[in-house]
Amino acid sequence: MRQVFVAAMVVACVGSHPLTAQPQGVQPSARRVFPFPYETVVLENGFRAYLIKAGAPGQVAYVSIVRTGSRDEVEPGKSGFAHFFEHMMFRGTEKYPNYDAETTKMGAFRNASTWADQTAYYLVANTEYLEKIMDIESDRFMNLKYAEPDFRTEAGAILGEYQQGAREPQRWLNEKVREAAFEKHTYRHTTIGFEADVRAMPQAYEYSKSFYQRFYRPENVVLVVAGDFDIPKAKALVTKYYAGWTPGYKPPPIEPEPAQTAPRERTVKYPGRTLPIVAINYKAPAWDAKNRTGVALEVLGQVAFGPNSALYRKLVLQERRVQSLFPSFGLSRDPYLVSVQTMISNPADVEAVEAEVTAAVKTFQETLVDPKQLADTKSAIKYGFLMSMETAQDVAFAVMPTIVNTGKLEPIEEYFRSLDAVTPEDVREAARKYLIDSGRTTITMVQEG
Amino acid sequence: MRAMTAIGIAAALVFGAAQEPAKAGPYVADERIIALPEAESPFVAFNIWVKSGSASDPKGKEGLASLTASLISGGSTREDSLEQILEKLYPMAAGYGASVDREMTNVTGRVHRDNLDAFYALFRNALLSPAFTEADFNRLKAQRMNFLERARRYSRDEELSKDLLFWMAYQGTPYQHPAEGYVDSVRSITLDDVRGFYRDHYVRNNVVVAVGGGYPGGFPERVRKDLDTLPQGTVREIAAPAPKPPAGTKILLVEKATDASPISFGYPIALLRDDPDFVPLLVANSYLGEHRNSVGRLYQAIRETRGMNYGNYSYIEAFPGGYATQQPRVNVARRSQLFEIWIRPISQTAPGNLHDRTLFATRAALFELDRLADGGMTPEAVAASKEFLRNYVGTWGATISRRLGYAVDDAFYGIPAPGFLQSLKAAIDKVTPAQVNAAIKKHLHSDTMYMVIVTADAAALKQKILSNQATPITYAGERKAALLEEDKAIAALPFKVKEADITILGIDKVFQ
């Protein structure tokens with residue numbers, strides 16, 4: 001639905017959650033960051049499931065993560081298809097022709113979302129329904145069936161979804177940033193897709209079936225069940241319902257983005273009223289728990305442009321020259337962008353504000369970050385995650401970025417070891433290595449007229 | 001923005017020596033303290049309810065309650081500059097914010113219990129000793145003006161149409177203006193106005209303390225004691241609005257260059273949570289249009305079967321910001337409510353004549369409403385809706401902050417322990433088809449209403465509505481004969497509206 005790259009901000013404090021059941025599997029310990037006990041199930045067909053015991057009396061969150069999103073839309077004219085397909089997954093099977101009716105009976109909270117790197121399907125329901133959910137969910141992942149008229153009808157709903165947010169300034173800007181920063185890689189288009197492709201969707205019935213065949217396979221899907229349930233029983237259910245799924249995932253040939261060699265700058269017009277927004281983007285590496293400079297880059301985003309940064313104090317609070325300033329430095333499965341975005345109060349001040357941002361970048365390339373600020377930022381990242389995990393669904397969502405990027409939950413621990421090890425020199429190195437002019441794409445969005 | 005400001009999103013750690021937690025138990029709701037102890041929880045949530053909202057804005061200063069709250073939650077205190085506050089919050093994944101609705105202001109916060117003391121000092125100071133500096137005021141007012149002049153008019157047409165529906169229905173009452181105010185009224189607000197609103201409304205007899213989660217014993221009492229250092233005051237009573245349904249249908253068309261048209265319509269209903277008809281009508285409304293769910297008739301008819309848009313829902317309580325949340329909002333409790341239908345944007349560029357799809361979708365919603373209002377629900381439909389709803393409401397209180405929000409709303413409505421949300425499942429189970437159909441008969445109709453449509457070429461839409469010509473739609477694929485028959489009836493459904501009752505407003509004049 002939205003295409004936002006979420007930082008893998010993951011951790012929590014050991015021992016802060018009361019643990020009652022102690023199943024086999026991974027237990028919280030002084031050396032582990034993820035605070036909940038869990039078990040991993042790996043089936044012969046490549047399917048993985050993480051079963052996490054996490055609070056929420058009487059409820060479970062059931063999250064199926066398909067490691068396919070708009071990133072996988074390699075064919076011309078098919079942008080937006082991963083998201084469209086997400087909608088088709090609610091159209092039923094032979095065994096359960098009416099998915100909505102089945103889940104409605106449970107009073108389940110259910111939805112799905114598609115992003116650049118994943119499509120996630122989720123339900124929250126009473127634990128008593130766990131087996132029923134597993135039956136229904138595994139069934140639609142293996143035996144989805146829909147007729148062409150239904151397919152065409154759903155395409156109309158997608159156009160509605162496209163249009164309901166098409167003129168939001170952020171959507172408009174995001175489209176332009178991607179188009180300017182990428183030439184080859186599929187990150188060039190947004191998850192909702194190009195409008196012309198959305199309008200052509202009703203004709204793609206046959207293609208939709210091949211999409212399902214290629215991507216909805218056990219090697220490409222990871223299940224996370226979080227909540228209050230019996231883990232050994234759930235393990236058996238995973239085998240019962242998913243072991244019969246035939247493997248056959250075919251990774252799409254995603255063209256890597258060629259190295260950018262010169263800065264790109266564009267001014268785009270917004271068809272409405274807005275103050276100028278400047279988005280300064282830099283090419284960034286793929287998410288890798290072991291790449292300490294990459295992890296240091298995420299730290300740098302907060303240190304340099306977050307609410308406790310010198311630049312924020314100057315531009316937002318003291319001089320009030322901008323209405324907002326924020327970093328988006330989360331990394332993705334493939335090399336994407338890190339960005340700083342600011343909304344400028346006085347249109348005549350745009351260039352000067354841009355210069356302030358690049359001057360801040362230069363400062364971090366030349367000087368070492370204050371050790372206290374570094375320590376505070378590490379703790380902000382870590383405990384930001386802890387604060388985010390209140391409900392079972394929160395817990396499942398919190399591990400999603402790591403699973404999307406790697407196919408596994410376990411690298412969370414590696415990531416936090418890297419974070420702990422980040423030094424002021426690493427942060428400086430991240431600024432020198434990644435926040436370089438030749439990798440920069442600056443988009444200034446102003447209103448028409 | 002929705003009258004919400006927040007500062008500090010970061011993280012707290014330092015695992016301090018935990019104090020003895022308060023025991024879990026039923027919450028205590030009295031005039032002054034609401035406590036929801038959940039000893040197992042690592043979090044503590046706050047909700048300070050100031051019993052004044054935008055309905056208390058002085059005439060000409062609409063938006064004052066909201067701007068005051070944003071200074072509380074996003075400004076300096078006499079103890080700390082905003083820079084210092086942000087620096088202290090930064091290493092705690094904690095922050096606080098404020099929301100303002102017609103009748104209530106809620107200053108809320110959440111923290112890991114290990115950091116409770118450090119956080120609480122900042123939170124308390126925000127409420128008790130706001131500095132109200134010129135710098136904070138100028139910054140936050142400039143942000144608010146930008147929202148009013150640009151973002152509100154140009155980001156989400158569907159949210160705008162909903163706000164305008166309430167504006168139409170509550171003309172001449174304190175509920176008329178949106179909490180964020182108007183362009184001109186906010187422009188006229190001074191820092192002295194803000195200080196005055198704080199002085200008059202943030203008084204100890206107008207403030208209720210709500211605290212939940214894993215706090216130490218005696219903590220809510222400590223918060224209450226601190227807030228009792230606020231002076232006593234006399235807060236002017238606001239009479240509850242009692243709007244009447246319009247005579248006939250009144251339509252507001254907002255002229256705007258747009259590719260898709262959202263539609264909102266509705267009318268006042270005399271029904272609050274403590275009314276015996278409330279739960280029966282909740283069941284009926286779930287059947288008609290459960291928010292962001294595919295179970296409702298409106299969704300099925302307009303999106304699922306006809307593929308016309310992204311979703312279609314109905315409401316018996318205010319539900320601002322519905323595009324951003326799947327669960328009901330808390331702390332938008334009101335003494336007067338509308339019945340409301342929300343049709344998400346209908347494409348103006350899909351095949352067919354301009355406006356035909358917009359009017360077809362509007363007619364389809366009226367058709368479904370009519371069918372329910374006239375025919376009621378079968379016992380089977382009631383049973384199915386109850387079965388869904390009795391479980392679904394269990395997901396509405398997922399976090400401590402939400403449970404606390406519901407508890408505050410209970411205090412507003414005078415609902416005794418164990419409270420609305422906790423009693424809802426049992427209340428749904430008890431509802432009979434006769435009660436549901438009686439509530440439908442009493443409260444729902446499709447005859448008279450307020451309606452808002454945001455559209456390109458509003459003049460042409462006005463003419464098309466007045467002409468009452470049929471507005472058929474076409475499909476990309478083959479359809480069953482029964483559906484096409486029904487389409488014919490829907491496309492020709494008459495609008496009973498007079499020319500004088502259709503108003504056109506340019507987007508740049510909206511909420512001026």
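Reading the values: rules and limits
- Residues numbered from 1 in each chain as written.
- Chains lettered and ligands numbered in written order.
- Predicted model: local features only at pLDDT ≥ 70, side-chain atom pairs only at ≥ 80, totals over all residues.
- Helix = DSSP H or I, 4+ residues; strand = E, 2+ residues; numbered from the N terminus.
- Rg over C-alpha atoms; globule rule 2.2 N^0.38 Å.
- Contact = placed C-beta atoms within 7 Å.
- Buried ≥ 20, exposed ≤ 12 C-beta atoms within 10 Å, placed from the backbone.
- pLDDT = per-residue confidence, 0-100.
- Pairing = 2+ DSSP bridges.
- Arc of directions from axis to C-beta.
- Axes fitted to C-alpha atoms, helices over the stretch in contact; angles between N-to-C directions.
- Core = buried A, V, L, I, M, F, W, Y, C linked by C-beta atoms within 7 Å.
- Parallel < 35°, antiparallel > 145°, perpendicular 65-115°, else oblique.
- Nonpolar A, V, L, I, M, F, W, Y, C, P; charged D, E, K, R; others polar.
- Left-handed = near helix turned anticlockwise from the far one by under 90°.

### So, the overall build of chain A
Summing up its helical and strand segments, chain A has 15 helices and 11 strands in all. The C-alpha atoms of chain A give 23 Å as radius of gyration, which agrees with the globular expectation for 449 residues (22 Å, within 12%). Taking the principal axes of its C-alpha atoms as reference, chain A extends roughly 60 × 55 × 35 Å. A fraction of 79% describes how many contacts in chain A between residues 6 or more apart in sequence connect residues 24 or more apart.

### Considerations on the overall build of chain B
Across its full length, chain B carries 17 helices and 13 strands. Relative to a compact globule of 512 residues, whose C-alpha radius of gyration would be 24 Å, chain B shows 24 Å and is just as compact. For the C-alpha atoms alone, the extent of chain B along its principal axes is close to 70 × 50 × 40 Å. Within chain B, buried positions represent 57% of all 512 residues. In chain B, once contacts between residues fewer than 6 apart in sequence are set aside, the share between residues at least 24 apart is 83%.

### Topic: the confidence of the model for chain A
When pLDDT is averaged along chain A, the result is 91; 94% of the residues meet or exceed 70. Scored below 50 in pLDDT, residues 1-23 of chain A shows 68 contacts in the model against residues more than four places distant or in partner chains.

### Section: the interface of chain B and chain A
When the parts of a complex come together, some accessible area is lost, and that lost area is often used as the size of the interface. Listed as interface residues are 60 residues of chain B and, on the opposing side, 53 residues of chain A. Looking at the side of chain B that touches chain A, the elements that each hand over two or more residues are α2 (82-89), α4 (134-154), β11 (337-347) and α12 (379-392) of chain B. For the side of chain B that touches chain A, the leading source of residues is α4(B), giving nine residues.

### Some points on the pairing of strand β10 (residues 312-315) of chain B
Residue and element names in this part refer to chain B. Residues Asn-312 and Ser-314 of β10 are buried on one face, and the alternating residues Tyr-313 and Tyr-315, pointing to the opposite face, are buried as well. Alignment of β10 against β11, held across four bridges, turns out to be antiparallel. Along β11, the bridge assignment pairs Tyr-313 with Trp-342.

### Observations regarding α2(B)
Residues lying three or four places apart along an α-helix face the same way, a consequence of the helix completing one turn every 3.6 residues. Along α2(B), the residues that are buried comprise Leu82(B), Ile85(B), Leu86(B), Lys88(B) and Leu89(B). End-on view of α2(B): buried residues confined to an arc of 165 degrees, all on one side of the axis.

### Some details on the sheet that holds strand β9 (residues 260-269) of chain B
Residues and elements named next belong to chain B. Spatially, the six strands line up as an open sheet ordered β10-β11-β9-β12-β8-β13, and their pairing is mixed. Edge positions in the open sheet fall to β10 and β13 (502-506), since each of these has one partner strand only. Direction aside, neighbouring strands of the sheet carry axes that sit 15 degrees apart on average.

### Quick word on helix α16 (residues 458-467) of chain B
Residues and elements named next belong to chain B. Of all the positions in α16, only Ala-458, Leu-461, Lys-462 and Ile-465 are classed as buried. Looking down the long axis of α16, one finds its buried residues gathered within 105 degrees of arc, a one-sided arrangement. Residues of α16 that are exposed and point over 90 degrees away from its buried face: Ala-459 and Ser-467. On its buried side, α16 packs onto β8 (250-255), α11 (356-375), β12 (450-455) and β13. Residue Asn-468 follows α16 closely and has a positive phi angle near 60 degrees.

### Digging into the sheet that holds strand β10 (residues 337-344) of chain A
Residue and element names in this part refer to chain A. With mixed pairing, the five strands of this open sheet are ordered in space as β7-β11-β8-β10-β9. Both edges of this open sheet fall to β7 (264-270) and β9 (322-328), since each of them pairs with a single strand only. Averaged over all neighbouring strand pairs, the angle between strand axes comes to 15 degrees, with direction disregarded. Where β9 and β10 come together, six bridges link them in antiparallel fashion. By the bridge assignment for β10, Val-322 is matched with Ile-344.

### Regarding the nonpolar core
Within the largest apolar cluster, 297 residues are counted, with the highest numbers of intra-cluster contacts made by Val224(A), Val225(A), Leu300(A) and Val427(A). Non-local contacts of Val427(A), meaning those with residues more than four positions away in its chain, are made with Ala296(A), Val299(A), Leu300(A), Val303(A), Phe364(A), Val369(A), Leu374(A) and Val422(A).

### Some thoughts on the packing of helix α9 (residues 278-289) of chain B against helix α10 (residues 297-304) of chain B
Angle between the axes and distance between the axes: these two values describe a pair of packed helices. Residues and elements named next belong to chain B. Two elements in contact, α9 and α10, have axes separated by 3 Å at closest approach and are oriented at 10 degrees. Taken together, the axes of α9 and α10 are roughly parallel relative to one another. Where α9 approaches α10, its residues Tyr-287, Leu-288 and Gly-289 are matched on the opposing element by Arg-297, Leu-298 and Tyr-299. Of the residues belonging to the contact of α9 with α10, the class tally is four nonpolar, one polar and one charged.

### Considering the confidence of the model for chain B
Averaged over chain B, the pLDDT score is 92; the fraction of residues at 70 or greater is 94%. Among the scores for the predicted complex, ipTM is 0.90 and pTM is 0.92.

### Re the pairing of strand β7 (residues 207-213) of chain B
Residues and elements named next belong to chain B. The buried fraction of β7 amounts to seven of the seven residues, a majority that puts the element mostly inside the structure. Of the strand pairs in this sheet, strand β4 (residues 43-50) and β7 are connected by seven bridges, and their pairing is antiparallel. Its bridge partner lying in β7, Ala-45 is registered against Gly-212.

### Details of the environment of Thr378(B)
With respect to the helices, strands and loops of the structure, Thr378(B) is situated in the loop between α11 and α12. With 131 residues separating them along the chain, Thr378(B) and Lys509(B) place their C-alpha atoms 46 Å apart.

### Here's the deal with the environment of Leu116(B)
All names here are of chain B. With respect to the helices, strands and loops of the structure, Leu-116 is situated in helix α3 (residues 116-128). Note on Leu-116: 24 C-beta atoms within 10 Å, which makes it buried. Expressed as a C-alpha distance, the spacing of Leu-116 and Ala-45, which sit 71 residues apart in the sequence, is 9.8 Å.

### Here's the deal with the packing of helix α9 (residues 292-305) of chain A against helix α12 (residues 371-388) of chain A
All names here are of chain A. Here α9 crosses α12 at 115 degrees, and the two axes come no closer than 10 Å. Between α9 and α12, the interaxial angle falls into the category roughly perpendicular. When the axes of α9 and α12 are compared, the crossing they make is right-handed. Residues Val-299, Gln-302 and Val-303 of α9 touch α12, and the partners they reach there are Gln-373, Leu-374, Thr-377, Lys-378 and Ala-380. Tallied by class, residues from the contact of α9 with α12 come to four nonpolar, three polar and one charged.

### Examining unusual backbone geometry
All names here are of chain B. For the bond running from Ala-417 to Pro-418, omega is 5 degrees, close enough to zero to count as cis. Structurally, Pro-418 is set in the loop between α13 (400-413) and α14 (420-430). For Phe-511, which is not glycine, the phi torsion reads 55 degrees and is therefore positive. By secondary structure assignment, the location of Phe-511 is in the segment after β13. A residue is classified by how many C-beta atoms lie within 10 Å of it, and Phe-511, with 23 of them, is buried.

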